[in-house]
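What follows is the residue order along each chain.
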Amino acid sequence: MFITQRYYPHNIRKPGGARPAGRRAIIVIALLGLFLALPLLAAGQEPPPPRFPSPPPPPPPKPALMIFIDAPGLDPLALVKDMAYARPVPGPEEAQVWVRITSRAVEAGTEFSLSFVGQLGFSGVNDDLKIVAAAGGSPEDTLRTVAQTLGFGLMRYVVRTPLSKYMHIALLDKVSPTAVTDPWNFWVFSLSADAFLMGESTYKSQMYFGNFSAQRVTENLKVRLSVGATIQKDRYDLPDYKYSSSLNSQNLRGLIARSINDHWSIGASVSVYASSFSNTRLGIDWAPGIEYDVFPYSQSTKKQLRLLYQVGFRSFHYIEETIFDRTAETRWGQSLTATLELKQPWGSISTTLDGYHYFYDFSKYRVELNGEISFRILEGLNFNIDGGGSWIRDQLNLAKGGASFEEAILRRKELSTIYTYFFMVGFSYSFGSIRSNIVNPRFGTSGSGGFSMQISM
């Protein structure tokens, strides 16, 4: 819509009359002056006030808050890449805040526990936070969730430094949570197959390995299944001596464990196997049990003291008649296993004491003690000391015919012994997906994933 205004001077000239020349010149000069003044008037106007009058804060001073992040499977640089107020350091000695991040499976996804320990002026300022990353989310979404919680935890340290005057707290006015479902329903599958061939003019060796496993690990339920087989063949062709030997084993193993509460669990394990080394054509082990953890399972990422009692049977069908004149037998027995695991910033300690005996003859028993100490050197790099031994009095499977010299030297048959032991030192390096580091320690297997490399001597 256009509005037109008309101006009527008070001395309207009469029709046919002429406008005086002087008045006409004055009007032209006035219009010309107004035209020339418009740019000056526009330039002199005040600009509209800004929408956000506060200027952006200056960048925080250097150095930023020094933090050390101990999180297997996570990249510390990726966690703090958007945190201008935090700077990761390679070692804990120079850090003001030591952050340890662990994870475990829960029904809704993966629960991450963040433990903050203050140092260098922040001694005694500690905190613990937890966050759940939804199941089925991408690694980027999980990393973003952990990084956000890490930032929340660092704020209590930032407010105690000059960095606080550069911080701004805001609330997102729209939060729309997204429900994420896991298309695999928490199942993880693994398949491997390997072949190793070697030889020379007088010796040939073939080794074949295969394994398939499936597991579903959540906070309240653990299911593990595995099938494996190993075949090894050796042949010696010497001028006056020829010898061939083989070693075969197959196994099918399963475990199911159900949480009762934060201390108790029940479950059962079953194994079906065959082994030429153990003189077993078919073996079946079945053992239900109950487990008690002195510490709550919610603290399993830091400390555990688990007591596992199992009772069940072992059924054997032997390849050769045994020294007890048996070709098959089924024996009931019981076991008690105590496991202590402690995780500290410097590393971890783990030890297990296990005892088993048969009911029909208490002199048939076995006691095993195994331990491991792991010292943390750098992120993912550890120095390990492992050792253990067994006191053996339950070799029901020994073949009556014994073993030949070749079978004994090549370890093709199990020999009578009263003890075994091992000792190992070495370095290990672990890395992998941030979604692989899930811990559920019930019934002795963590259910964790990832990849590790170990060099021992």
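Residues numbered from 1 in each chain as written. Predicted model: local features only at pLDDT ≥ 70, side-chain atom pairs only at ≥ 80, totals over all residues. Heavy atoms only, no water.

A.B. asks: Just give me the short version of the overall build of the chain, but keep the residues and values in it.
C.D. replies: When helices and strands are counted, the chain shows 4 helices and 18 strands. Per-residue burial over the chain gives 32% buried out of 457 residues. Considering only contacts in the chain between residues 6 or more positions apart, those separated by 24 or more positions represent 57%. Summing over all exposed atoms, the chain offers an accessible surface of approximately 28,600 Å²; the carbon and sulfur share of this is 63%. (Helix = DSSP H or I, 4+ residues; strand = E, 2+ residues; numbered from the N terminus. Buried < 20%, exposed > 50% of the residue type's maximum accessible area, 1.4 Å probe, protein only. Contact = heavy atoms within 4.5 Å. Areas by Shrake-Rupley, 256 points an atom, 1.4 Å probe, with all protein chains shown as cover.)

A.B. asks: Give a detailed account of the sheet that holds strand β1 (residues 65–70), specifying residues and quantitative values.
C.D. replies: One open sheet holds the 5 strands; their spatial order is β2-β1-β3-β4-β5, and the pairing between them is mixed. For this open sheet the edge positions go to β2 (86–88) and β5 (126–134), each flanked by a neighbour on one side alone. When the angles between neighbouring strand axes are averaged without regard to direction, this sheet yields 30 degrees. Sheet topology places β1 next to β2; 3 bridges connect them, and they run parallel. (Pairing = 2+ DSSP bridges. Axes fitted to C-alpha atoms, helices over the stretch in contact; angles between N-to-C directions.)

A.B. asks: Give a description of helix α3 (residues 139–158) that names residues and reports values.
C.D. replies: Between its terminal C-alpha atoms α3 stretches 28 Å, which fits the 28 Å expected from 20 residues at 1.5 Å a residue. Of the surrounding elements, those touching the buried residues of α3 are β1, α2 (76–79), β2, β3 (97–106), β4 (109–118) and β5. (Expected span 1.5 Å × (residues − 1).)

A.B. asks: Describe the environment of Leu120, listing the residues and the values that go with them.
C.D. replies: Of note, Leu120 is situated in the loop between β4 and β5. A relative accessible area of 52% places Leu120 in the exposed class. Once residues lying within four places of it in the same chain are set aside, the contact partners of Leu120 are Glu93, Glu94, Ala95 and Gln96.

A.B. asks: Which residues make up the pattern of salt bridges, and what are the values?
C.D. replies: Under the defined criterion, the tally for this structure stands at 17 salt bridges. Residue Arg366 pairs with Glu368 through a salt bridge whose shortest N-O separation is 3.9 Å. The class of Glu368 is partly exposed, set by a relative accessible area of 24%. A salt bridge links Glu407 to Lys413; the shortest N-O distance between them is 3.9 Å. Here the salt bridges share partners, and the residues they tie into one network are Asp70, Arg100 and Arg376. (Salt bridge = Lys/Arg side-chain N within 4 Å of Asp/Glu carboxyl O.)

A.B. asks: Go over the environment of Glu107, please, and point to the residues and values.
C.D. replies: On the secondary structure map, Glu107 appears in the loop between β3 and β4. With 111 residues separating them in the primary sequence, Glu107 and Thr218 have C-alpha atoms 5.8 Å apart. When sequence neighbours within four positions are dropped, the list of residues in contact with Glu107 reads Phe186, Thr218, Glu219 and Asn220.

A.B. asks: Which residues make up the nonpolar core, and what values do they have?
C.D. replies: Soluble globular proteins tend to pack their nonpolar side chains together in the buried interior. One finds Leu65, Leu79, Ile101, Leu150 and Leu154 to be the most contacted residues of the largest nonpolar core, which totals 26 residues. Of all elements in the fold, only β1, β3, β4 and α3 reach the threshold of two or more residues within this core. The leading source of residues in this core is α3, at 6 residues. Sequence-distant contacts of Leu65, defined by excluding residues within four places in its chain, comprise Tyr85, Ala86, Arg87, Gln96, Val97, Phe122, Leu154, Tyr157, Val158 and Leu163. (Core = buried A, V, L, I, M, F, W, Y, C linked by side-chain atoms within 4.5 Å.)

A.B. asks: An account of the packing of aromatic side chains is requested, with residue identities and associated values reported.
C.D. replies: Within the structure shown, the criterion is met by 15 aromatic pairs. Relative to Tyr318, the ring of Phe316 lies with its centre 5.7 Å away and its plane at 10 degrees, an arrangement referred to as stacked. One exposure class covers both Phe316 and Tyr318, and it is buried. Taking the centre distance of 5.3 Å and the plane angle of 90 degrees together, the rings of Tyr356 and Tyr358 count as edge-to-face. The exposure class assigned to Tyr358 is buried, which follows from its relative accessible area of 2%. Taken together, Trp187, Phe189 and Phe212 form an aromatic cluster joined through their ring pairs. The ring of Tyr360 carries Arg331 above its face, with NZ or CZ at 3.8 Å from the centroid. (Phe/Tyr/Trp six-rings, centres within 6.5 Å; stacked < 30°, edge-to-face > 60°. Lys NZ or Arg CZ within 6 Å of the ring centre and 35° of its normal.)

A.B. asks: Run through the pairing of strand β14 (residues 347–358), naming residues and quoting values.
C.D. replies: Here 12 bridges tie strand β13 (residues 328–344) to β14, and the two strands are oriented antiparallel to one another. Paired with Ala338 across the two strands is Leu353, which belongs to β14. The turn linking β13 back onto β14 is made up of 2 residues. Two elements, β14 and strand β15 (residues 365–378), share 11 bridges in a ladder whose sense is antiparallel. Each bridged residue has a counterpart across the sheet, and for Ile349 the counterpart in β15 is Ile373.

A.B. asks: Could you give an account of unusual backbone geometry, naming the residues involved and the relevant values?
C.D. replies: In this structure, Asn279 is a non-glycine residue whose phi angle is positive, near 60 degrees. As for its placement among the helices and strands, Asn279 is situated in the loop between β10 (264–275) and β11 (280–293). The phi angle at Asp325 is positive, at roughly 60 degrees, despite the residue not being glycine. Turning to its location among the elements, Asp325 is positioned in the loop between β12 (303–318) and β13. Its relative accessible area of 46% is what places Asp325 among the partly exposed residues.

A.B. asks: Please set out the pairing of strand β8 (residues 221–238) residue by residue, giving values where relevant.
C.D. replies: Direction of pairing for strand β7 (residues 203–217) relative to β8: antiparallel, over a ladder of 15 bridges. Bridge pairing links Phe212 to Val227 in β8. Examined bridge by bridge, β8 and strand β9 (residues 241–259) share 18 bridges and lie antiparallel to one another. Directly across from Asp237, in β9, lies its bridge partner Lys242. Adjacent in sequence and paired antiparallel, β8 and β9 are bridged by 2 residues.

A.B. asks: Explain the side chain of Ser205 to me, and be specific about the residues and the numbers.
C.D. replies: Tracing the backbone through its elements, the reader meets Ser205 in strand β7. We classify Ser205 as buried; its relative accessible area is 3%. Engagement of the side chain of Ser205 in a polar contact is seen with the side chain of Asp234, the distance being 3.0 Å. Residues within four places of Ser205 in sequence aside, it is in contact with Phe196, Leu197, Met198, Lys233 and Asp234. (Polar contact = N/O pair within 3.5 Å; in protein donor to acceptor, adjacent residues only side chain to side chain.)

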